[in-house]
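Residue-level listing of the chains:
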Amino acid sequence: MKSKLNLDSGVIESARSCAGRIAASMQEFIDRHTTVSTERTVLRLLGVDGVDDVETPLPNVVIDQIKDAGGLPRGAAYWVGNAMIQTGLSPQKIAEKMADGQLDITKLPLASPKEAEEKIMPEVHAALGKIKEQTAKRENYLNTIGEGRKPYLYVIVATGNIYEDVVQAQAAARQGADIIAVIRTTAQSLLDYVPYGPTTEGFGGTYATQENFRIMRKALDEVGEEVGRYIRLCNYSSGMCMPEIAAMGALERLDVMLNDALYGILFRDINMQRTLVDQFFSRVIIGYCGSMFNSGEDNYLTTDDAYEAAHTVLASQFINEQFAVLANIKEEQMGLGHAFEMDPDIENGFLYELSQAIMAREIFPKASLKYMPPTKFMTGNIFKGQIQDALFNLVSVWSGQSLQLLGMLTEAIHTPHMHDRYLSIENASYIFNNARDIGSEVEFREGGIIQRRAQHVLAEADKLLHEIEEESLFSTIEQGKFGGVKRPRDGGKGLEGVCVKDDEYFNPFIPLMMGGAK
Amino acid sequence: MTQTAVAKVDLTNVKPYGDTMNDGMMELAFTLPVPHGEEASEAAKILARKMGLDEPNVVYSKDMDSGFTFFVVYGKCQHTVDYTTIKVTKVEVDVMDRLECGQYIKDNIKRDVVIVGASTGTDAHTVGIDAIMNMKGFHGHFGLERYEGIEAINMGSQVPNEVLIEKAKAVGADAILVSQTVTQKDVHIQNLTNMVELLEAEGMRDKVILVCGGPRISHELAQELGYDAGFGSHTYAEHVASFVLTEIVNRGMI
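What counts, and at which threshold
- Residues numbered from 1 in each chain as written.
- Chains lettered and ligands numbered in written order.
- Predicted model: local features only at pLDDT ≥ 70, side-chain atom pairs only at ≥ 80, totals over all residues.
- Helix = DSSP H or I, 4+ residues; strand = E, 2+ residues; numbered from the N terminus.
- Rg over C-alpha atoms; globule rule 2.2 N^0.38 Å.
- Buried ≥ 20, exposed ≤ 12 C-beta atoms within 10 Å, placed from the backbone.
- Contact = placed C-beta atoms within 7 Å.
- Pairing = 2+ DSSP bridges.
- pLDDT = per-residue confidence, 0-100.
- Axes fitted to C-alpha atoms, helices over the stretch in contact; angles between N-to-C directions.
- Parallel < 35°, antiparallel > 145°, perpendicular 65-115°, else oblique.
- Left-handed = near helix turned anticlockwise from the far one by under 90°.
- Nonpolar A, V, L, I, M, F, W, Y, C, P; charged D, E, K, R; others polar.

Peer 1: Can you tell me about the overall build of chain A, naming the residues and giving the values?
Peer 2: The secondary structure content of chain A amounts to 20 helices and 11 strands. Compactness check: chain A gives a C-alpha radius of gyration of 23 Å against a globular reference of 24 Å for 518 residues, within 12% of the reference. Projected onto its principal axes, the C-alpha positions of chain A cover 75 × 50 × 40 Å. Here chain A holds 518 residues, and 58% of them are scored as buried. Here the contacts in chain A between residues at least 6 apart in sequence split such that 77% fall between residues at least 24 apart.

What follows is the structure, given as structure tokens:
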């Protein structure tokens with residue numbers, strides 16, 4: 001396809017290969033390390049679930065004991081496989097006994113790693129089978145009842161109460177939404193455990209728990225069958241428990257998961273070593289289960305200037321793409337993020353936004369681009385807000401975005417009310433329908449404002465990527481080049497949960513999920 | 001005396017204005033948890049009348065979902081307000097711009113002023129504190145980091161009150177800025193109150209200028225909670241800086 005923006009494919013190739021080298025050098029670091037959350041994920045996939053008598057999740061009980069005994073570098077799979085050999089119990093029973101103080105799995109006789117791995121393999125295949133069942137169920141829905149047209153209408157629910165969320169989510173689906181994201185309660189990203197069971201209390205959102213996932217999945221399947229459209233469910237595989245939530249999401253058929261180490265580092269002050277290691281396993285799981293990940297580049301534009309920092313978004317998208325390639329994720333599953341966040345007072349701002357949105361589409365032609373609405377310059381003037389969202393919707397249909405996170409006219413006032421969501425879906429549906437083929441009809445003036453803007457942003461992104469390659473990603477983040485936020489390599493939360501693997505370490509899920517790709 | 005073409009406003013009896021003085025015109029938008037239909041529209045009208053709107057007119061209604069209906073309603077407000085007796089608690093300070101603030105420090109304080117800020121508690125939003133403190137500021141209003149004579153330390157989001165106080169102690173802060181964006185279930189009130197209690201327990205409350213800000217914060221609320229000032233929407237770094245610097249001089253914290 002000819003570039004409407006006259007982008008130089010040589011520059012795109014230069015930026016992409018540079019990002020590939022950056023990701024590969026990070027991967028060397030990632031491959032040498034594991035984390036408490038990565039190991040808890042192994043347990044969750046092996047079926048360990050539930051809490052002890054003080055509400056500590058069993059995966060935490062087990063991993064904390066292993067870590068305290070200095071066994072983390074060997075990995076949970078070895079310890080559980082060995083305990084299965086020595087006790088004849090299932091992983092869940094082993095965890096329960098550990099919680100009751102009846103078993104210390106690091107004090108048992110030690111089988112060889114090979115024996116432990118063989119012992120655990122049936123459990124591993126059972127877990128993969130459960131995930132495959134969910135993937136097949138999604139496929140079946142898509143082949144029978146079908147799905148909405150792209151850009152998918154993506155709305156959030158955030159009541160704090162999962163049962164209230166269900167009411168709002170089903171209403172939104174009936175009004176036309178294609179994707180429902182359940183916003184998490186504020187600060188869950190910093191919890192080093194995943195809460196358990198159904199929850200009805202939260203601030204600005206609802207706890208991500210496996211039971212809450214199950215409740216919402218069932219509700220969306222019901223309403224999907226009713227409206228004749230598969231309704232996708234989104235939650236957050238991010239924060240301190242990134243891969244655990246990916247595993248829960250794979251088991252409960254989440255379709256979209258927000259997943260971006262850079263976001264956690266910059267905006268939640270999570271330690272960069274911890275979350276980059278966690279991100280790898282979570283992306284392997286996401287790739288395997290056929291859901292989509294969403295990266296959080298849009299957030300750079302809320303802390304940095306959306307016009308000045310546009311190239312940081314593109315550079316980060318390139319890096320996120322390459323991290324995803326290393327986790328064997330298909331392009332269609334890459335929900336790379338960007339946003340419509342320029343100051344509405346900028347002359348020709350609409351042209352720049354349009355240029356950048358088309359640029360993202362041309363550079364990542366198959367990706368499921370996630371386009372985020374204006375938030376920073378939403379003022380409480382709901383009437384103007386509705387127009388800002390209309391311009392955003394027009395850019396989206398024009399540039400062929402995949403996931404349209406709908407703007408709310410009441411952004412900056414409160415989490416959406418039922419009719420806010422309706423007005424927003426109506427706005428997007430009207431514009432998408434009314435301007436459906438504008439993208440294939442309109443071409444741009446050679447050397448005009450729109451072409452030059454995209455060429456400039458691409459060139460700047462390429463330059464930034466080469467600087468990052470020179471200095472390494474870690475030190476780039478330390479210098480505050482993304483989002484204008486500086487984070488030290490050893491700072492932030494969660495570094496104590498990272499360790500170097502020993503020579504006998506194994507995680508049986510990674511090679512199987514990657515299908516021999518690694 | 002010639003008659004004026006338009007009625008003049010009576011400030012002791014103010015009513016909403018649509019296109020004619022005292023027409024009382026207001027528009028409302030809301031959802032009722034009842035199924036769409038004539039009964040639903042009647043319910044919306046009855047509600048509007050109870051709210052003091054004469055001649056309520058349901059100009060639009062829409063089925064939201066089984067059991068919910070959205071309305072746009074117009075009506076003429078019966079109530080009036082005596083504007084002449086209104087008193088609002090406001091931050092009373094002459095606002096200086098960034099350069100004037102720098103000069104004010106040179107002339108009156110003669111040392112660097114230290115300001116520590118954070119979005120505290122569980123609040124993950126940095127947009128407010130960044131707008132006030134970061135170099136770039138917001139919408140053309142540079143943040144405190146760019147002010148000459150001010151050392152601005154932005155600790156970011158989700159900072160426990162205790163940590164913010166520790167930092168303030170360590171750097172000898174003149175002022176502490178607390179940002180609160182999430183206000184669901186009044187979590188900001190609990191958090192702001194807790195901050196004041198901790199400072200009092202530490203014996204620090206009188207030694208610092210304590211300021212809070214956020215889209216739902218008013219000066220009146222701030223004072224009720226024990227803060228020296230509160231800054232809501234449409235206030236920028238210069239407002240906060242002018243207040244803090246003037247307070248430093250007024251309190252003799254030089």
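Peer 1: Help me get a handle on the sheet that holds strand 8 (residues 337–339) of chain A, residues and values and all.
Peer 2: All names here are of chain A. Strand order across the open sheet formed by 9 strands is 7-6-5-4-3-2-10-9-8, with parallel pairing between neighbours. Each edge of the open sheet carries a strand with a single partner, namely strand 7 (334–335) and strand 8. Examined bridge by bridge, strand 5 (residues 256–258) and strand 6 (residues 292–294) share 3 bridges and lie parallel to one another. Bridging across to strand 6, Leu-258 finds its partner in Asn-294.

Peer 1: Provide a residue-level description of the confidence of the model for chain B, including the pertinent values.
Peer 2: A low pLDDT score tells you not to read the predicted coordinates there in detail. Put simply, chain B has an average pLDDT of 91, and 98% of its residues get 70 or more. When mean pLDDT is compared element by element in chain B, helix 1 (residues 38–50) of chain B scores highest at 98, while helix 3 (residues 127–133) of chain B scores lowest at 87.

Peer 1: Hey, could you go over the sheet that holds strand 3 (residues 68–77) of chain B for me, with residue numbers and the actual values?
Peer 2: The 3 strands lie next to each other as 1-3-2 (chain B), forming an open sheet whose pairing is antiparallel. Two strands lie at the open edges of the sheet, namely strand 1 (25–32) and strand 2 (53–65) of chain B, each paired on one side alone. The mean angle between the axes of side-by-side strands here comes to 15 degrees, regardless of whether they run parallel or antiparallel. Lying over the sheet, helix 16 (residues 418–434) of chain A contacts strand 1, strand 2 and strand 3 of chain B, oriented at roughly 70 degrees with respect to strand 2 of chain B.

Peer 1: Pulling in residues and values, what's your account of the packing of helix 2 (residues 36–45) of chain A against helix 9 (residues 242–251) of chain A?
Peer 2: All names here are of chain A. Relative to each other, helix 2 and helix 9 sit at 20 degrees, their axes nearing to 7 Å. For the element pair helix 2 / helix 9, the angle class is roughly parallel. Two packed elements cross with a definite hand, and for helix 2 against helix 9 that hand is right-handed. Here Ser-37, Thr-38, Arg-40, Thr-41, Arg-44 and Leu-45 of helix 2 lie close against helix 9, whose contacting residues are Met-242, Pro-243, Glu-244, Ala-247 and Met-248. Of the residues in the contact of helix 2 with helix 9, the class split is 5 nonpolar, 3 polar and 3 charged.

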